[in-house]
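Topology and contacts: notes
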Amino acid sequence: MSAIAQQDLPRHVAVIMDGNGRWATSRGLSRVQGHRKGKDSVREVVETAREIGIEFLTLYAFSSENWQRPEREVSALMRLLRRYLKTELNKMMRYEIRLRAIGNLRKLPAEILKEIRHVEQETRKNTRMTVILAVSYGSRDEIIKATRKLARQVRDGVIAPEDIDETSFAGALMTAGIPDPDLLIRTSGEMRVSNFLLWQIAYAELYVTRTLWPDFRREQFLEAMEYYKSRDRRFGLTEEQLAEAK
Ligand code: FPP
């Protein structure tokens, strides 16, 4: 693939990493082995994104619904996450990657939360790319929390109801300060958004591939970039208005 010019790249890519289980069962392996392979894809996609100049990469690592999976699978996912954070910290420092986490983090086992906070703290001054891990994350929950936050501010007289607009609402979300995703990738072919960044993906381009997450590597990520480049993003405007704005 020829290099894509920076202005043709999405600033923020969000990914629903789906299909680890199917990848494993189709090979007679355990679901946990699928997640383990999925971790290698996470590494490769982070490296590729950093290399080509993506500024923000959000990965849906564990949804609020995933707590309902068998205990064995949940604890295996937690272990993988912990190991990932431990082993990747050096690389994040070397490549100047900042890590942030969003989600209902208080539900996480204490040692995972501690590890997340540690990596967030260590990498906070890195500016080349931000990786946002969505863990124990659900978008409706996030929207409700933002609404409560603003409601409390109105109750306390800090803001007026009229002060609630798209900007202040976005600022009350867990993704405050992070630009909206330009591209949402979902692997394994399902045409769903699964309670992921519902507010933030309002204008995102959608890229759904049948490739299962463990098979989604550098080449597949670059294909998604090519797809994005080919899109004509209009944000509800006409072509003429867009040309004028440019
Ligand atoms: C979906 O596959 C994937 C997950 C529930 C979790 C994603 C986790 C990883 C990629 C592994 C480690 C993550 C990090 C950040 C190190 P699925 O199990 O729902 O697949 P299925 O739909 O085929 O069952």
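Read on for an overview of the structure. (Residues numbered from 1 in each chain as written. Predicted model: local features only at pLDDT ≥ 70, side-chain atom pairs only at ≥ 80, totals over all residues. Heavy atoms only, no water.)

Interhelical geometry of helix α2 (residues 31–52) versus helix α7 (residues 218–230) gives an angle of 50° and a closest axis separation of 9 Å. One way to sum up the angle between α2 and α7 is to call them oblique. For α2 against α7, the interelement crossing comes out right-handed. Taking contact as the criterion, the partners of Glu-44, Val-45, Thr-48, Ala-49, Glu-51 and Ile-52 in α2 are, on α7, Arg-218, Phe-221, Leu-222 and Met-225. Considering only residue class, the contact of α2 with α7 consists of six nonpolar, one polar and three charged. (Axes fitted to C-alpha atoms, helices over the stretch in contact; angles between N-to-C directions. Helix = DSSP H or I, 4+ residues; strand = E, 2+ residues; numbered from the N terminus. Parallel < 35°, antiparallel > 145°, perpendicular 65-115°, else oblique. Left-handed = near helix turned anticlockwise from the far one by under 90°. Contact = heavy atoms within 4.5 Å. Nonpolar A, V, L, I, M, F, W, Y, C, P; charged D, E, K, R; others polar.)

Now for the pattern of salt bridges. Scanning the entire structure with this criterion turns up 17 salt bridges. Residue Arg-69 pairs with Glu-73 through a salt bridge whose shortest N-O separation is 2.8 Å. Overall, Arg-69 belongs to the partly exposed group, its relative accessible area being 29%. On the basis of relative accessibility, which here comes to 6%, the residue Glu-73 falls in the buried class. Glu-115 is the partner of Lys-86 in a salt bridge, and the nearest nitrogen-oxygen pair spans 3.4 Å. Here Lys-86 is found in helix α3 (residues 71–94), whereas its partner Glu-115 is found in helix α4 (residues 110–123), with 29 residues between them in sequence. Exposure remark for Glu-115: the relative accessible area of 11% places this residue in the buried category. (Salt bridge = Lys/Arg side-chain N within 4 Å of Asp/Glu carboxyl O. Buried < 20%, exposed > 50% of the residue type's maximum accessible area, 1.4 Å probe, protein only.)

Before going further, it helps to spend a moment on the environment of Pro-181. Relative to the elements of secondary structure, Pro-181 occurs in the loop between α6 (166–172) and β5 (183–186). In sequence terms Pro-181 and Thr-58 are 123 residues apart; their C-alpha atoms lie 8.3 Å from each other. Look past the residues within four positions of Pro-181 in its chain and what remains in contact with it is His-12, Ala-14, Leu-197, Gln-200, Ile-201 and Ala-204.

These figures capture arrangement, not role.
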